[in-house]
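Chain by chain, the residues:
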Amino acid sequence: MQNTIYAEEFKALLTQLDKETYACLDENLLENGCRDSLPLR
């Protein structure tokens, strides 16, 4: 998995996913793909 670097001011807004939620997200991405990518700078 690729590491993502976030701007410092946004780190406080992000929460860690628990293992079950992460697994569901991972499964959903593998089955359905990513509809909306995040812009990279």
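The structure displayed is predicted, hence computed values, not measured ones. (Residues numbered from 1 in each chain as written. Predicted model: local features only at pLDDT ≥ 70, side-chain atom pairs only at ≥ 80, totals over all residues. Heavy atoms only, no water.)

Colleague: Explain the overall build of the protein to me, please; I cannot follow it from the model alone.
Modeller: Scanning the protein from terminus to terminus reveals 2 helices and 0 strands. The buried share of the protein, taken over its 41 residues, is 2%. Only carbon and sulfur atoms are counted for the fraction: they give 54% of the accessible area of the protein, which is about 4700 Å². (Helix = DSSP H or I, 4+ residues; strand = E, 2+ residues; numbered from the N terminus. Buried < 20%, exposed > 50% of the residue type's maximum accessible area, 1.4 Å probe, protein only. Areas by Shrake-Rupley, 256 points an atom, 1.4 Å probe, with all protein chains shown as cover.)

Colleague: Sorry, what's going on with helix α2 (residues 19-32) here?
Modeller: Since the α-helix turns once every 3.6 residues, residues separated by three or four places project in the same direction. Here α2 spans 20 Å end to end across 14 residues, near enough to the 20 Å set by a 1.5 Å rise per residue. The backbone nitrogen of E20 lies 3.2 Å from a side-chain oxygen of the residue at the head of α2, namely D18. (Expected span 1.5 Å × (residues − 1). Polar contact = N/O pair within 3.5 Å; in protein donor to acceptor, adjacent residues only side chain to side chain.)

Colleague: What exactly am I supposed to notice about a nonpolar patch on the surface here?
Modeller: There is a patch of nonpolar side chains on the surface, built from L17, Y22, L25 and L29 and spanning about 340 Å² of accessible area. Tracing the backbone shows L17 in the loop between α1 (8-11) and α2. (Patch = residues over 30% accessible without salt bridge, like charges linked within 9 Å, V, L, I, M, F, W, Y side chains within 5 Å. Salt bridge = Lys/Arg side-chain N within 4 Å of Asp/Glu carboxyl O.)

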